[in-house]
Amino acid sequence: MLSEQDRVIWEEELAQFVPQRVFDAHVHLLDRRHLSQVEGAFLNWKDTDWNALQDCAQQLFPGRELHCLVLGTPSPGIDVESHNRWIAQQIQLDSQSRMNRLVTPTCKTVEIERDFAEWRFNGLKPYRLFSVTGDPHQCRIADFLTHSQLEFADEHRLWVTMHLSRYHGCADELNLSDLEEYTTKRYPNVRWILAHCARSFSYWPIRQAIPILRQMPNLWYDVSAVTDLRPLITLFQEEDIKRIFYGSDLVDSTFFRGKYVTLGRAWCGLNADQYSLRFPHCDGRPILAIYEQLLAMKHAAEIVGLSSSDIEDIFWKNAESAFGVKFGQGT
Ligand SMILES: [Zn+2]
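On a predicted model such as this, the values are computed, not experimentally measured, just so you know.

A. Broad picture of the nonpolar core. Among the nonpolar cores identified, the biggest contains 112 residues, and Trp 192 and Leu 213 are the most heavily contacted of them. The biggest single contributor to this core is helix α12 (residues 289-304), with nine residues. Aside from chain neighbours lying at most four places away, what touches Leu 213 is Cys 170, Leu 176, Leu 179, Leu 194, Ala 198, Ile 206, Leu 219, Tyr 221, Glu 239 and Arg 243.

This is how it looks when you write it as structure tokens:
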């Protein structure tokens, strides 16, 4: 539910900024029955099916035509096969939405091939939490997306939504050299979406990496969950706007009151409801993190001087051409 302050921010700040058409390139659906008992106890995300996601989106963006790229929920111990099948069934409710198949290093290419033959998957969603090294924080891309899976993705020109691991994210030398090798030599047909501004929640990684990333072919970005203004300014200023997708990371990663705060080069999620924050000098009413992200996007767009056509590109036109989505068709 939106609070009174969320509504003020929507009506006074965001309603004029968010176009009538929105393609959200980063959302998660979850049916907790697919989690193992152990992992289910750790992951506090709620059940979110297609209808729940639409209800949430209509509260946040009233009246907008919205389609999504659904990514599944990358939780260790999840029943990958049941989860993927359930998502495929869920998104049949909207012919203009897309989905990436959740993949772990144990998924065999014959299984992936079978799913692509049966359902209309758009690409793959690997995740660092499944790394074969057992270390989700310092693993390399091929530790959680195997070379045989990359070969399959290359052969079929698939999209891969990649949340980079390693402490420096996109500024990490090994990540950069892996991406360079994969995009220019080894897997030139794979189309990468680097999630969360190439995992740059603070100003630093994207500033380091953007001169290199912008030279690489077949790279796109989603801006999901980035609530700091500075990485968005760098991305909007230094990258081709055609390579940027709007994404939200809804529901549980951004539908809370708070934001992803930065402290120097570090960052962490701050849920205001979990702390007794004091606001001695102002009317202390935190807003939803997704509205924080949209405010940051709006201010970055103003500072960089993006046109309304650039903003339409980010919110839906880039996705329309990338994923063959048609707006204005009904579902
Ligand atoms: Zn996500």
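So that's the structure; there's more coming.
B. Quick look at the packing of helix α1 (residues 4-14) against α12. Two elements in contact, α1 and α12, have axes whose closest approach is 11 Å; the angle formed by their N-to-C orientations is 20°. As judged from the angle between their axes, α1 and α12 are roughly parallel. Two packed elements cross with a definite hand, and for α1 against α12 that hand is left-handed. Counting all contacts with α1, which are made through Asp 6, Ile 9, Trp 10, Glu 13 and Leu 14, the residues of α12 involved are Tyr 291, Leu 294, Leu 295 and Lys 298. Residues belonging to the contact of α1 with α12 are distributed by class as follows: six nonpolar, no polar and three charged.

C. Representation of the packing of aromatic side chains in the model. Applying the stated criterion across every chain, the model contains 17 aromatic pairs. Both rings, one in Trp 10 and one in Tyr 291, keep their centres 6.0 Å apart while their planes meet at 25°; by these two values the pair is stacked. Taken together, the residues span a long stretch of sequence, with Trp 10 in helix α1 and Tyr 291 in helix α12 at a distance of 281 residues. Judged by relative accessible area, which is 7%, Trp 10 ranks as buried. Taking the centre distance of 6.3 Å and the plane angle of 15° together, the rings of Tyr 182 and Trp 192 count as stacked. Pair noted here: Tyr 182 is in helix α8 (residues 173-186) and Trp 192 is in strand β6 (residues 191-194), with a separation of ten residues, a long-range link. The burial state of Tyr 182 is the same as that of Trp 192; both residues are buried. Aromatic rings pair up to connect Phe 23, Trp 159, Trp 220, Phe 245 and Phe 323 into one cluster. The positively charged end of Arg 21 is found above the aromatic ring belonging to Trp 316, 4.9 Å away from the centroid.

The rules behind each value
- Residues numbered from 1 in each chain as written.
- Predicted model: local features only at pLDDT ≥ 70, side-chain atom pairs only at ≥ 80, totals over all residues.
- Heavy atoms only, no water.
- Core = buried A, V, L, I, M, F, W, Y, C linked by side-chain atoms within 4.5 Å.
- Buried < 20%, exposed > 50% of the residue type's maximum accessible area, 1.4 Å probe, protein only.
- Helix = DSSP H or I, 4+ residues; strand = E, 2+ residues; numbered from the N terminus.
- Contact = heavy atoms within 4.5 Å.
- Axes fitted to C-alpha atoms, helices over the stretch in contact; angles between N-to-C directions.
- Parallel < 35°, antiparallel > 145°, perpendicular 65-115°, else oblique.
- Left-handed = near helix turned anticlockwise from the far one by under 90°.
- Nonpolar A, V, L, I, M, F, W, Y, C, P; charged D, E, K, R; others polar.
- Phe/Tyr/Trp six-rings, centres within 6.5 Å; stacked < 30°, edge-to-face > 60°.
- Lys NZ or Arg CZ within 6 Å of the ring centre and 35° of its normal.

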